[in-house]
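# A look at the structure
If you want the building blocks of each chain, they are given just below.
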Amino acid sequence: MSPRAQKWLISGPPLGYLLVFFAIPTFIMVLASFRYVGELGGLAPLVGSGTPDELAGLTLESYQRFFEDTIYLELFLKSFLYATVTTLLCLAVAYPLALMIARSDKRWRELLVLLVILPFWSNFLIRVYAWMIILGPQSGFARAVNGVLGTFGAEPIPLLFSPIAVIIGLVYVHLPFMVLPLYVNLEKHDPALLDAAQDLGAKAWQRFWRVTFPLSLPGVYAGAALVFIPALGIFAIPDILGGTDGILIGNVIKQQFLDARDWPFGSVLSMVLTVLAIGFAGLAAWVARRQRL
Amino acid sequence: MALLEIRDVTRRFGDFVAVDGVSLSIGAGEFFTLLGPSGCGKTTLLRMIAGFDQPDAGSIVIDGKDMVGVPPEDRNVHTVFQSYALFPHMTVEQNVSFPLRMSKVPQTELGPRVREALEDVSLLGMEKRYPNELSGGQRQRVALARALINRPKLLLLDEPLAALDAKLKERMQLELITLQKEVGVTFIYVTHDQEEALALSHRIAVMNKGQVEQLDEPAKIYGFPKNRFVADFIGECNLLDCSVSAVADGTMFLDVEQLGRVTAIGANGTASGTKGALALRPEKVSIARELAPDACANRFNGHVFDYLYTGDVTLYIVEVENGRRVEVMLPNNAVGRSSKFFEPGDAVQIGWREDAGSFLPD
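What follows deals with the packing of helix α3 (residues 70-103) of chain A against helix α4 (residues 106-117) of chain A. Residue and element names in this part refer to chain A. Between α3 and α4, whose axes approach to 8 Å, the crossing angle comes to 155°. By the angle between their directions, the pair α3 and α4 is classed as roughly antiparallel. In this structure, α3 meets α4 at a crossing whose hand is left-handed. Judged by residue contacts, L97, I101 and A102 of α3 engage R109, L112, V113 and V116 from α4. Per-class residue counts for the contact of α3 with α4 are six nonpolar, no polar and one charged.

What follows is the structure, given as structure tokens:
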């Protein structure tokens, strides 16, 4: 078999998979964003039957609607903010954890990594519902928090159905996606580099900021992309933990498709989200390359 | 006063004694080598001098100050690591200026000092390169420049040439000698390569099983090994088991097993009956089809058993009449095309002077 044929044999199936399940659906979505809503929801036909007043063909109507009402841009902004906060909090929690695992005895590392991914073994929705109980007004956790606030003379705050609950849920769900790439990166670091830095006069925090952290940036970017992009479009967590004011752009997209049955407008919102996500992934890759990582 | 005093330093790892009561005194400006096989404790000793490890007993005094408990970053001692440990995310310039930035040297001084340091190791023009864009020899130089830029009291080198090929190694050895002379920093060099140690050092401490077997100048270490271990570890050596049969006027008569009676000089108080070995370097043994009768005091007949041709010299293994095999080295200085003087099976005579070997009592 020629090397060329071998190459296609290996890369053909995944390429075919991506074509069928990513490229074609994306193209359908792009097309849908330019179409009219059907009479009973969904999509109007692309080619009309010729009856008067029939809506058929392509239109920019949905895009117009997106730019006319600022609520959608505001929701994008809000989602962007939530995803950013989630990413930063995940980084703050995951970095020490990943560093601890990477520097622990070889015998324990695999077990500790297993513990990090252990939550994946139970259903996502069950885990998020569990937070409903933990954050609910009757829970010991909520009472303890409000008890502490009370001693400072502050009014009790509701934890559930609040931005705090959404952020907690987002951080909780995405944490392993930050820990794993960081761990994979940190575990590869040559300990001799830290010895050299110390030998040349670097104190502990200088060794971290001058050596460990810059070398871990590829892991930071990978983790940030893995957390930020899904967090940007997520709808289940705001649905369950966020209450009526807690919705993010993902919820609106879901509503457009399932409740309002306005597929063209849902497609427009999806398009914007996809473009933003690709933009951020590209930006992360560009920054990483510029720093020669 | 010595720059570095190591006093009765011991380091144990569980039941294993890595360094066993070592005392050394190293002067300023010296090129000192710790030589020994792997596991002899030389690297552990180096790590204790650098501060990465602490002795279980004894003290390490640098420049009159006891270093116990002082972390590596606060010692005026730098290390060149075997793997060089260059920071891969920094350019040559940033790597070399790292120690200066750590000690808060003003920004304006960095440029000129980096230039100077790179000039010392002939790397000018490489400032903007990253370590992965350099050859092995260049990385080595960057590591040296980085470790020397703020002129430490002591520079520790942990097998720094081990990863280089033979030709480059030789060139770097010459450069190291020159560099050490130029900067005047005390070098403590760790290696298992005896040729390297002999070529570079002012003094060598030969280590084995955590202890110093012999501490001397290279020529003394090579020419007058103190015991079997040193004789065997440094260079090629015939170790002929023997016992002293008689001593007279500074001359010893030795009975060598499977060889016969040998005379050797340097009795210094050895009593007859003492068992030991005669250490005889192959290049000090003469070989010929027939040696001139007055050429050497010790002469034996035998035949060539085998040989090892290494280009500049050939090592002949000669089996003497009583069965002992002796290694003899002969430079390949024959004129013309003949590559060696003898073939296996050739009858030869070998011999050496009374002062050629040294007796090592057990």
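All names here are of chain A. Together, Y17, L18, L19, V20, F21, F22, I24, F27 and I28 line one region of the surface with nonpolar side chains, adding up to about 980 Å² of accessible area. Following the sequence through the fold, I24 ends up in helix α1 (residues 3-32). Residue classification places I24 among the partly exposed positions, given a relative accessible area of 42%.

Another aspect to go through is the domain arrangement of chain B. Residues and elements named next belong to chain B. Split into domains, chain B comes out as domain 1 (4-232) and domain 2 (236-361). Placing a centre on the C-alpha atoms of domain 1 and another on those of domain 2 gives a separation of 38 Å. Each side of the interface is counted separately: domain 1 has nine residues, and domain 2 has ten residues. When the two sides are added together, the surface that domain 1 and domain 2 hide from each other amounts to roughly 810 Å², 48% of it contributed by carbon and sulfur. Among the residues of domain 1 in contact with domain 2, Y222, R228 and A231 are the three that bury the most area, contributing 66% of the side total.

A word on the side chain of Q180 of chain B. For Q180 of chain B, the position within the fold is in helix α5 (residues 166-183). Every residue in contact with Q180 of chain B, bar those within four places of it in the chain, is listed here: G29, E30, F31, V185, T186, F187 and H202 of chain B.

Residue and element names in this part refer to chain B. Its place among the elements puts P37 in the loop between β3 (31-35) and α1 (42-50). The partly exposed category is assigned to P37, whose relative accessible area is 25%. Residues within four places of P37 in sequence aside, it is in contact with K42, M207, N208, F229 and F233.

Turning our eyes to something else, we now look at α1 of chain A. The first and last C-alpha atoms of α1 of chain A sit 41 Å apart over 30 residues, in line with the 44 Å expected at 1.5 Å per residue. A maximum bend of about 40° is found in α1 of chain A at G12 of chain A, where proline P13 of chain A lies one to four positions downstream.

Here the focus is the pairing of strand β13 (residues 260-265) of chain B. Residues and elements named next belong to chain B. Bridge analysis of strand β12 (residues 251-256) against β13 gives six bridges, and the strand direction is antiparallel. Within β13, the residue paired with F253 across the bridge is T263. If you look at the hairpin formed by β12 and β13, you'll find three residues sitting between the two strands, and Q258 has a positive phi there, around 60°.

About the cut-offs
Residues numbered from 1 in each chain as written. Chains lettered and ligands numbered in written order. Predicted model: local features only at pLDDT ≥ 70, side-chain atom pairs only at ≥ 80, totals over all residues. Heavy atoms only, no water. Axes fitted to C-alpha atoms, helices over the stretch in contact; angles between N-to-C directions. Helix = DSSP H or I, 4+ residues; strand = E, 2+ residues; numbered from the N terminus. Parallel < 35°, antiparallel > 145°, perpendicular 65-115°, else oblique. Left-handed = near helix turned anticlockwise from the far one by under 90°. Contact = heavy atoms within 4.5 Å. Nonpolar A, V, L, I, M, F, W, Y, C, P; charged D, E, K, R; others polar. Patch = residues over 30% accessible without salt bridge, like charges linked within 9 Å, V, L, I, M, F, W, Y side chains within 5 Å. Areas by Shrake-Rupley, 256 points an atom, 1.4 Å probe, with all protein chains shown as cover. Salt bridge = Lys/Arg side-chain N within 4 Å of Asp/Glu carboxyl O. Buried < 20%, exposed > 50% of the residue type's maximum accessible area, 1.4 Å probe, protein only. Domains from an automatic or database assignment. Buried area = accessible area lost by both parts, 1.4 Å probe. Expected span 1.5 Å × (residues − 1). Bend = angle between axes of the 7 residues up to and from the residue. Pairing = 2+ DSSP bridges.

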